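Inside the fold
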Amino acid sequence: MRKAMLIMEEKKNRLKVIFNIITAVVFIVFVITLCPKEMQNDTFWSIKVGERLVRDGIFGLDYFSIHENLNYIAHHFLTDVVIYLVYNVSGFAGLYALEIFLACIMAGLLLYLNNLISKNRITAVILFILQMIILSGYIAVRAQMISFILFILEIIFLEKYKKSGNSRYIVYLSVIPVLLANFHMGVVPFYFIILGVYGISCIKFNFLCFETVEKTDKKSLLALIIVGVIGLVTIFLNPYGIDGVVYPFKTFENKFITSTISEFKPYSVWTDGGLSLFYSAIILFVLIINKGKIKLNDILLIFGTLFMNYTSIRYGSLFVICSSVGLRYTSGLNTFFDSLNSGDKKALYCEILFVVFLLIARRIAFWSDEYIPEDTYPVKATEYLKGNISSDIRIFNEYSWGAYLMLNDIKVYIDSRCDLYTEEYSNVTIATDYKKIIECDNEWKDIVKKYNINTFLIDVDTSLDTLLSESSEFNEVYRDDTAVIYCMVK
């Protein structure tokens, strides 16, 4: 009898190991299918900036555009260096592997955070799947991936510290600001926002509908204040010092950025398919049906980032990450899942795995096998420029193609380091003049003369394309389905 029981127990353990292996494999494959193979603008210019940093060290001027004496701060210089080094060793294949590696770390930490807060594996996994589907739109070889990881770690450390009071989490939290300052300076302010929200949770308030502490937790509050002060000091430990620190504030509410770059524009149900709206509705529904009081810091974190989400698509990622704290209020759902017998739980896990398989299959069906798609970037037109146009060209290019031209050692009019060309950052009108030319403003000829532009590389079948085709000052020298090149008549 005992031998039969041991055999049965061993069989169960084997099945559990097999199930865990299958789950891990599905998890990795799921994350991989969320990682686009197509490279992005930010990746291209990070390669070139990183190359310059490795070759010449820290620099403070722009060397990649046709404009002179523009001060430039590589505000995520360590990211640029890492991207260049990986590219230098293994090309785009290496960068794609790096993207998958970072995405797996981000996904693993996000799932860990969900389990930490929820204490129910099923609800944690369900929310995780939704989160990753939305975050897939933000996955790319860029600094943002590293800041996502650091923000998730920040929330994990804060949650751990609140529960255990262990001072080692304070040490971990103190390291994050200096990492952000060197990997992605532009998002540093949000670190202090999250820290401040958790600091508020240590203070006693008299709110009827929100849960607050019985008495102010002076020890924890003091610890978080110390962490904040340390952070305010260590963020200056970047190659650009105070100039690096003030960078996010100089670019905040930049008119050109918010009106031109899609991810900085306000959220739209029509353009974004309503997925973010559906997700935020789920989070709000969870809070509404919650029978107990809601922690004030959770309300601030969820609704603060939700507001940011609807003011700019870019901030949707922060809302998705911070919404994990909403799992604290799924007790009713957790009770239901906990009441299921082991057979029902296995069936539910299989159903979740089936859904994930369907998502994987859908992603594979729309898979792109190109690192640089020719219908997105002017690949052939750039080859023509390099082989047929003299090196002294002063080019006017489409904004979204600038970084690709940088990658090919062609000096640009504008690129995705767009803050560099704005009045708020550099006190220049380069970005404003770009819009005037693209929109065929009456001043376009004067602007062309102002910058001594002698070559245009623009999208086909646009108003500017038509305007140049009718101009006696420029001749069309190249055209394909993606781009057209005009050169000044000599």
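Below you will find a few notes about this structure. The residue numbers shown here count from 1 along each chain, following its written sequence. Only residues with pLDDT of at least 70 are given local features in this predicted model, and only at 80 or more are side-chain atom pairs given and counted; all residues enter the totals for whole chains, interfaces and linings. Where side-chain values are given, they derive from all heavy atoms of the structure, hydrogens and water being excluded.

1. Structural notes on the overall build of the protein chain
The criterion, for reference: To qualify as a helix, a DSSP run of H or I must reach at least 4 residues; to qualify as a strand, a run of E must reach at least 2; elements of each kind are numbered from the N terminus. The classification of residues rests on relative accessible area computed with a 1.4 Å probe and restricted to protein chains. Under 20% of the type maximum is buried, over 50% is exposed, and intermediate values are partly exposed. Whether two residues are in contact is decided by their heavy atoms, any of which lying within 4.5 Å being enough. Per-residue and other accessible areas follow the Shrake-Rupley method at a 1.4 Å probe size, with only the shown protein chains counted as cover for residues.
Counting its regular elements, the protein chain contains 21 helices and six strands. The buried share of the protein chain, taken over its 490 residues, is 51%. The long-range fraction of contacts in the protein chain, counting pairs at least 24 apart against all pairs at least 6 apart in sequence, stands at 70%. Here the protein chain displays about 23900 Å² of accessible surface, and carbon together with sulfur accounts for 61% of that area.

2. Things to note about the sheet that holds strand E6 (residues 483-488)
For sheets, the rule is that strands pair by backbone hydrogen bonds, running either parallel or antiparallel. Heads up, the rule is: Here the rule is simple: two strands pair whenever DSSP picks up at least two bridges between them. Orientation is described by axes fitted as lines to C-alpha atoms, over the contacting stretch for helices, and by angles from 0 to 180 degrees between their N-to-C directions.
Taken together, the four strands give an open sheet; going across it, the order is E3-E4-E6-E5, and neighbouring strands pair in mixed fashion. At either margin of the open sheet sits one strand with a lone partner, and together these are strand E3 (395-397) and strand E5 (474-479). Along the sheet, successive strands turn relative to each other by an average axial angle of 20°, direction set aside.

3. Thoughts on the pairing of strand E4 (residues 455-459)
Within E4, four of the five residues are buried, which leaves the element mostly enclosed by the surrounding structure. As judged from the three bridges shared by E3 and E4, these two strands associate in the parallel manner. Paired with Phe 396 across the two strands is Phe 456, which belongs to E4. With five bridges connecting them, E4 and E6 associate as antiparallel partners. Counterpart to Phe 456 in the pairing with E6 is Tyr 486.

4. Observations concerning the environment of Lys 162
You can see Lys 162 is positioned in helix H5 (residues 143-164). Setting aside its immediate chain neighbours within four residues, Lys 162 contacts Tyr 198, Ser 201, Lys 295 and Asn 297.

5. A few points about a nonpolar patch on the surface
For clarity, the cut-off: Patches were defined on residues exceeding 30% relative accessible area and lacking a salt bridge, with like-charge contacts within 9 Å and nonpolar side-chain contacts (Val, Leu, Ile, Met, Phe, Trp, Tyr) within 5 Å. Should a side-chain nitrogen of Lys or Arg be within 4 Å of a carboxyl oxygen of Asp or Glu, the pair is scored as a salt bridge.
On the surface, Val 17, Ile 21, Val 25 and Val 29 cluster together into a nonpolar patch covering about 320 Å² of accessible area. Its location among the elements puts Val 17 in helix H1 (residues 2-34). On the basis of relative accessible area, Val 17 is assigned to the partly exposed category, the value being 47%.

6. Here's the deal with the packing of aromatic side chains
Stated precisely, the cut-off is as follows: Pairing of aromatic rings covers Phe, Tyr and Trp, the last through its six-membered ring, and needs centres within 6.5 Å; plane angles under 30 degrees mean stacked, over 60 mean edge-to-face, and all others mean tilted. We count a charge as sitting over a ring when the NZ of a lysine or the CZ of an arginine lies within 6 Å of the ring centre and within 35 degrees of the ring normal.
Using the criterion set out here, one finds 24 aromatic pairs in the structure. Judged by centre distance (6.3 Å) and plane angle (80°), the ring pair of Tyr 138 and Phe 148 falls under edge-to-face. Within this pair, whereas Tyr 138 is found in the loop between helix H4 (121-135) and H5, its partner Phe 148 is found in helix H5, the two being separated by ten residues in sequence. Among the aromatic side chains, those forming a connected cluster through ring pairs are Phe 44, Tyr 87, Phe 92, Tyr 96, Tyr 371, Tyr 377 and Tyr 404. Over the ring of Tyr 371 we find Lys 37, and its NZ or CZ is 4.9 Å from the ring centre. Across the ring face of Tyr 72, the terminal group of Arg 417 is positioned such that the distance to the ring centre comes to 4.8 Å.

7. Side note on the packing of helix H3 (residues 77-118) against H5
When two helices pack together, their arrangement is given by the angle between their axes and by how far apart the axes lie. Selection rule: By the definition adopted for this analysis, an angle is roughly parallel if under 35 degrees, roughly antiparallel if over 145, roughly perpendicular if from 65 to 115, and oblique otherwise. Left-handed describes a crossing in which the near helix is turned anticlockwise from the far one by less than a right angle; the clockwise case is right-handed. In this classification, Asp, Glu, Lys and Arg are treated as charged, Ala, Val, Leu, Ile, Met, Phe, Trp, Tyr, Cys and Pro as nonpolar, and every other residue, Gly included, as polar.
Remark: H3 packs on H5, axes separated minimally by 9 Å, with the N-to-C direction vectors making an angle of 30°. With respect to their mutual orientation, H3 and H5 come out roughly parallel. Judged by the twist between their axes, the crossing of H3 over H5 is left-handed. Between H3 and H5, the residues in contact are Thr 79, Glu 99, Leu 102, Ala 103, Ile 105, Met 106, Leu 109, Leu 110, Tyr 112, Leu 113, Leu 116 and Ile 117 and Ala 143, Met 145, Ile 146, Phe 148, Ile 149, Ile 152, Leu 153, Ile 155, Ile 156, Glu 159, Lys 160 and Lys 163, respectively. For the contact of H3 with H5, a count of residues per class yields 19 nonpolar, one polar and four charged.

8. So, the pattern of salt bridges
In this structure the tally under the stated criterion is 15 salt bridges. The partner of Arg 328 in a salt bridge is Glu 159, with the nearest N and O atoms 2.8 Å apart. You can see Arg 328 sitting in the loop between helix H13 (316-322) and helix H14 (331-339) and its partner Glu 159 sitting in helix H5, a full 169 residues away along the chain. A relative accessible area of 1% places Glu 159 in the buried class. When salt bridges with common partners are traced through the structure, they connect Lys 48, Glu 51 and Asp 409 into a single cluster.

9. A short note on the packing of helix H7 (residues 188-200) against helix H8 (residues 218-234)
In the contact formed by H7 and H8, the axes pass within 10 Å of each other and the chain directions differ by 165°. Taken together, the axes of H7 and H8 lie roughly antiparallel to each other. The two elements H7 and H8 meet at a crossing, and its hand is left-handed. Contacts from Tyr 191, Phe 192, Leu 195, Tyr 198 and Gly 199 of H7 reach H8 at Leu 221, Leu 224, Val 227, Gly 228, Gly 231 and Leu 232. Split by residue class, the contact of H7 with H8 holds eight nonpolar, three polar and no charged.

10. A word on the pairing of E6
The buried count for E6 comes to five of six residues, which makes it a mostly enclosed element. Where E5 meets E6, five bridges bridge the pair, whose relative direction is antiparallel. In the sheet register, Tyr 478 faces E6, and the bridge partner there is Ile 485. Hairpin remark: E5 followed by E6, antiparallel, with three residues in the connecting loop.

11. So, the environment of Ala 403
Following the sequence through the fold, Ala 403 ends up in helix H17 (residues 402-407). The exposure class assigned to Ala 403 is buried, which follows from its relative accessible area of 0%. A C-alpha to C-alpha distance of 5.3 Å links Ala 403 and Asp 415, two positions twelve residues apart in sequence. With residues up to four places along the chain from it excluded, the contact list for Ala 403 reads Asn 41, Phe 44, Trp 45, Asp 415 and Ser 416.

12. Here we look at a negative patch on the surface
To be explicit about the condition: The sign given to each residue is positive for Lys and Arg and negative for Asp and Glu; His and the chain ends receive no count. Charge coordinates come from a single atom per side chain, which is NZ of Lys, CZ of Arg, CG of Asp or CD of Glu.
A cluster of like negative charges, contributed by Glu 38, Asp 369, Glu 370 and Asp 375, occupies part of the molecular surface. Assignment of secondary structure puts Glu 370 in the loop between helix H15 (342-365) and helix H16 (379-388). The class for Glu 370 is partly exposed, based on a relative accessible area of 36%.

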